[in-house]
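# Analysis of the macromolecular model
What follows is the residue order along each chain.
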Amino acid sequence: MEAVAMAERRRTRGCLTEGQLRLLLDAGPKSGAERDHLAGCRRCTEQLELMRRDATAATAALARLDDARDRTDAPEVIAAYGRLRSRLMGDRWIEPDSRDSHMSELWNRRWVRASGAITAMLVMMLVFTASPMRTVANDFLNQFRVQKFVAVTIPMDMLQPLQSGLLENMSDAEKAEIQQQLERLGSFETTFDLDQLPAPVTLAEAERQYGPFNVPGDLPADYATVPDAYVVEDGGASLTLNVGEVQALIERMNLPIFAFQDVTADTLTFEVTTDPAVVLQYTTSDGQPLSVVQTKSPRLVTPADFDMNDFREDLLGLPFLPPDVVAQLRAVDDWESTLIIPVPEGATSENLDDVNGEPGLLIEYEDGAAVLWQKDGILYAVFGQASADAVRDAADSMERWQPIAE
Amino acid sequence: MAQAAMTAEPTDRVLLDGVRHGDERAFEALFERHFSGVYGAARRVVGSPEEAEEIALDAFVRLYQRPIADTDDANVRGWLYRVVTNAAFNAVRARRRRRNWFQRLAARRQLVNEHHADPLEVVSASDEAAWVRAHLAELPERQRTALVLRSSGLSYAEIAEALGVNANSVGTILARAERALREKLGVGMVDGGGRDG
């Protein structure tokens with residue numbers, strides 16, 4: 001009754017109501033009359049100040065409900081919709097394989113990318129750990145360089161059992177959660193920019209930029225004797241893994257990988273650095289290329305407290321790796337200095353005793369061949385649309401480029 | 001993505017009509033448009049991201065299974081926020097029954113009173129939010145919902161729609177809710193600034 005009486009007295013005196021005063025805090029006076037009244041009414045100004053204090057205190061208190069995690073661990077809308085869909089499966093018009101809707105298409109596309117990310121990550125780990133490149137000088141325990149090559153035949157569908165065995169049994173919601181975990185696994189940075197390929201230069205300019213390099217003295221027939229030359233700048237790439245996220249993903253997917261169990265660091269960084277490279281491209285009159293690449297070995301630096309041997313064993317024990325691939329990888333006894341070259345089924349490979357005076361590797365594929373070898377710390381590759389003999393002859397004839405005297 | 005969708009998509013009313021007629025695209029559009037907002041409101045109340053998502057998803061399940069009636073004042077956004085905040089406060093109450101953390105906080109409050117300090121400065125950062133949530137949940141339903149919706153960025157008109165009240169009443173509800181919350185939390189009381197209103 002007292003409140004009603006007070007409200008009535010306020011109304012008759014032209015005072016602002018409680019609601020009007022509160023709105024005034026947020027939006028200011030709605031009219032000149034309100035402003036004028038407020039300027040002359042002590043009761044209303046005192047009430048407004050008390051209300052401002054309450055509002056400030058409440059705002060401060062409610063702000064404590066918004067911690068920084070709200071911005072970092074809020075669920076992604078598409079992933080959340082995936083979880084919602086899995087709850088609604090079988091209901092009305094939500095079908096498991098519904099692909100005709102905007103969100104479903106987005107969600108499915110995201111999962112395809114996540115699946116691709118798994119594949120890429122595993123392949124990269126496999127390449128890194130099955131063929132790390134240990135330096136000749138061996139100054140650092142975990143620094144690797146390439147000294148030789150070996151080909152390993154990799155079935156194109158090698159990772160299919162992973163997807164069919166591990167992923168297809170998962171619900172959409174689980175896949176969405178794994179996708180989120182993958183996105184938190186770590187960060188990849190690189191100085192390489194494939195959209196900014198170097199411009200061709202003359203051989204003299206290439207030597208000025210790169211230093212001395214070799215050219216084939218015996219080219220297959222029909223190839224122009226003067227190539228386009230490209231000098232690729234040095235660069236690097238690093239992959240930083242969040243150990244906790246990796247461990248969580250391994251546990252979630254029930255993968256037999258144990259190398260991360262004893263890691264105490266929060267992150268692990270793997271770095272690859274490359275020296276400048278020179279690429280020579282010879283072409284025939286009808287445009288068929290033959291390429292020559294030479295560079296120092298890239299260097300792979302792995303974290304000192306991470307056991308690459310253990311990790312290699314873990315990866316070789318993954319259940320989805322075909323036994324013949326595992327057998328080929330295990331046959332690489334000096335894996336720390338050997339670069340594994342994945343060769344698709346249908347191609348053939350041959351170890352060569354002598355390529356330009358050093359052992360090398362010949363790979364023949366459907367419409368061409370490649371020869372790889374290492375000499376004096378420089379890696380060479382010659383490859384193109386030519387016969388194996390022609391490519392090998394070009395490789396055998398590599399010699400220091402000398403400018404022709406005018 | 002959401003912004004692009006919002007600029008190109010029809011109103012909530014049109015989408016709601018689509019949902020009622022089995023249009024999954026319409027349901028997706030509503031989800032895409034409102035999920036983050038209602039999740040944020042739930043998160044403020046319950047604290048746990050997992051629990052907040054569950055509550056937000058539950059609201060959409062309800063919307064999907066029994067779309068709200070197509071009346072002149074049908075307001076999907078307000079309905080979602082109201083459902084979510086109610087569910088969130090229910091969750092807080094249920095949690096309080098299950099756990100004894102409130103007793104621990106009460107003990108801390110006793111410590112606060114003994115040392116004449118601001119409780120929000122004394123309790124640990126992780127408990128501050130729990131402290132606020134506990135007292136927020138004690139407010140009358142309309143008041144606590146208004147506070148959460150206002151702190152979630154809803155306008156007076158939107159809060160009015162969500163609460164089912166006249167827009168002119170929102171200011172009054174907010175003012176009383178803020179006063180009640182401040183008094184419950186004790187902020188300002190310990191410095192001799194008690195109010196007389």
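Residues numbered from 1 in each chain as written. Chains lettered and ligands numbered in written order. Predicted model: local features only at pLDDT ≥ 70, side-chain atom pairs only at ≥ 80, totals over all residues. Heavy atoms only, no water.

## Topic: the overall build of chain A
Scanning chain A from N- to C-terminus turns up 14 helices and 16 strands. Burial analysis of chain A (406 residues in total) assigns 47% to the buried set. Across chain A, every contact between residues at least 6 apart in sequence was considered, and the portion connecting residues at least 24 apart equals 70%. Carbon and sulfur atoms make up 51% of the accessible area of chain A, which totals about 21,100 Å². (Helix = DSSP H or I, 4+ residues; strand = E, 2+ residues; numbered from the N terminus. Buried < 20%, exposed > 50% of the residue type's maximum accessible area, 1.4 Å probe, protein only. Contact = heavy atoms within 4.5 Å. Areas by Shrake-Rupley, 256 points an atom, 1.4 Å probe, with all protein chains shown as cover.)

## Quick word on the overall build of chain B
Of regular secondary structure, chain B possesses 11 helices and 0 strands. Starting at the N terminus, the α and β elements of chain B follow one another as α-α-α-α-α-α-α-α-α-α-α. Across the 197 residues in chain B, those meeting the buried criterion constitute 53%. Long-range contacts, defined as pairs at least 24 residues apart, comprise 61% of the intrachain contacts of chain B with a sequence gap of at least 6. Accessible area of chain B: about 8,800 Å², with a carbon and sulfur share of 47%.

## Digging into the side chain of Ser152 of chain B
All names here are of chain B. Of note, Ser152 is situated in the loop between helix H9 (141–151) and helix H10 (156–163). Since its relative accessible area comes to 19%, Ser152 is described here as buried. There is a polar contact of 3.1 Å between the side chain of Ser152 and the side chain of Arg44. Ignoring sequence-local partners within four residues, the contact set of Ser152 consists of Ala41, Arg44 and Tyr81. (Polar contact = N/O pair within 3.5 Å; in protein donor to acceptor, adjacent residues only side chain to side chain.)

## Let's talk about the sheet that holds strand S14 (residues 368–375) of chain A
All names here are of chain A. With antiparallel pairing, the 7 strands of this open sheet are ordered in space as S5-S8-S9-S15-S14-S13-S12. At either margin of the open sheet sits one strand with a lone partner, and together these are strand S5 (228–232) and strand S12 (348–355). Looking at each pair of strands side by side, their axes are set apart by 15° on average, direction ignored. In this sheet, S14 lies alongside strand S13 (residues 358–365) in antiparallel orientation, the contact comprising 6 bridges. Looking at the pairing, Leu362 lines up with Val371 of S14. In this fold helix H14 (residues 388–396) packs onto strand S9 (289–296), S12, S13, S14 and strand S15 (378–384), with an angle of close to 25° to the strand it touches most, S14. (Pairing = 2+ DSSP bridges. Axes fitted to C-alpha atoms, helices over the stretch in contact; angles between N-to-C directions.)

## As for the packing of helix H12 (residues 308–316) of chain A against helix H13 (residues 323–330) of chain A
Residue and element names in this part refer to chain A. Direction vectors running N to C along H12 and H13 enclose 155°, while the axes themselves pass 10 Å from each other. Between H12 and H13, the angle falls in the class roughly antiparallel. Together, Arg312, Glu313 and Leu316 of H12 and Val326, Leu329 and Arg330 of H13 make up the contact between the two elements. (Parallel < 35°, antiparallel > 145°, perpendicular 65-115°, else oblique.)

## Points about the pairing of S9 of chain A
Look at any regular strand and the pattern is simple: side chains alternate between the two faces of the sheet. Residues and elements named next belong to chain A. Of the pairings in the sheet, the one linking strand S8 (residues 277–283) to S9 comprises 7 bridges and is antiparallel in character. Following the sheet pairing, Tyr282 is matched in S9 by Leu290. Between S8 and S9, which pair antiparallel and follow one another directly, the connecting turn spans 5 residues, one of which, Gly287, has a positive phi of 90°. Where S9 and S15 come together, 7 bridges link them in antiparallel fashion. Bridged to Gln294 within S15 is Tyr380.

## With respect to the nonpolar core
One finds Leu84 of chain A together with Phe31, Phe35, Phe60, Leu136 and Leu181 of chain B to be the most contacted residues of the largest nonpolar core, which totals 68 residues. Looking at this core, the element that brings in the most residues is helix H3 (residues 24–46) of chain B, giving 12 residues. Apart from the residues lying within four places of it in its own chain, the contact partners of Leu136 of chain B are Leu62 and Leu65 of chain A together with Phe89, Arg144, Leu147, Val148 and Leu181 of chain B. (Core = buried A, V, L, I, M, F, W, Y, C linked by side-chain atoms within 4.5 Å.)

## Focus: the packing of aromatic side chains
One pass over the full model with this rule turns up 12 aromatic pairs over all chains. Where Tyr81 of chain A meets Phe27 of chain B, the ring centres are 6.4 Å apart and the plane angle is 50°; that geometry is what we call tilted. Taken together, the positions of Tyr81 of chain A in helix H6 (residues 77–88) and Phe27 of chain B in helix H3 put the pair across two chains. Of the two residues, Tyr81 of chain A and Phe27 of chain B, neither departs from the other in class, the shared state being buried. An angle of 20° between the planes, with centres 4.8 Å apart, marks the rings of Phe31 of chain B and Phe35 of chain B as stacked. Linking Phe31 of chain B with Phe35 of chain B, this pair stays in helix H3, spanning 4 residues, or about one helical turn. For the residue pair Phe31 of chain B and Phe35 of chain B, the accessibility class agrees, reading buried in each case. Taken together, Tyr81 of chain A together with Phe27, Phe31, Phe35, Tyr39, Phe60 and Tyr64 of chain B form an aromatic cluster joined through their ring pairs. (Phe/Tyr/Trp six-rings, centres within 6.5 Å; stacked < 30°, edge-to-face > 60°.)

## As for the pattern of salt bridges
Evaluated as defined, the whole model comprises 16 salt bridges over all chains. Note that Glu18 of chain A and Arg176 of chain B form a salt bridge whose closest N and O atoms lie 2.8 Å from each other. Placement of Glu18 of chain A in helix H2 (residues 18–27) and of Arg176 of chain B in helix H11 (residues 167–185) is noted, with the two residues assigned to different chains. Residues joined in a network through salt bridges with shared partners are Arg22 and Asp26 of chain A together with Arg150 and Glu178 of chain B. (Salt bridge = Lys/Arg side-chain N within 4 Å of Asp/Glu carboxyl O.)

## Focus on the confidence of the model for chain A
All names here are of chain A. Across chain A, the average pLDDT comes to 75, with 72% of residues at 70 or higher. Here helix H7 (residues 102–130) is the element of chain A with the lowest mean pLDDT, 43, and strand S4 (residues 214–216) is the one with the highest, 95. Here residues 106–143 is modelled with pLDDT under 50, and outside its nearest four sequence neighbours on either side it reaches 95 contacts, counting other chains as well. (pLDDT = per-residue confidence, 0-100.)

## Details of a negative patch on the surface
Residue and element names in this part refer to chain A. Where like charges cluster on the molecular surface, the negative patch consists of Asp218, Glu350, Asp353, Asp354, Glu364, Asp389, Asp393 and Asp396. Of all elements in the fold, only S12 and H14 reach the threshold of two or more residues within the negative patch. Within the element layout of this structure, Glu364 appears in strand S13. Taking relative accessible area as the criterion, Glu364 reaches 34% and is therefore assigned partly exposed. (Patch = residues over 30% accessible without salt bridge, like charges linked within 9 Å, V, L, I, M, F, W, Y side chains within 5 Å. Lys, Arg positive; Asp, Glu negative; His and termini not counted. Charge placed at Lys NZ, Arg CZ, Asp CG, Glu CD.)

## Comments concerning unusual backbone geometry
All names here are of chain A. Backbone geometry at Asp222 places phi at a positive 80°, although glycine is not the residue there. On the secondary structure map, Asp222 appears in the loop between S4 and S5. Accessibility expressed as a relative area gives 64% for Asp222, which makes it exposed. A positive phi angle, close to 55°, is found at Asn356, a residue other than glycine. Take Asn356: it is sitting in the loop between S12 and S13. Taking the relative accessible area as the measure of exposure, Asn356 reaches 12% and is therefore buried.

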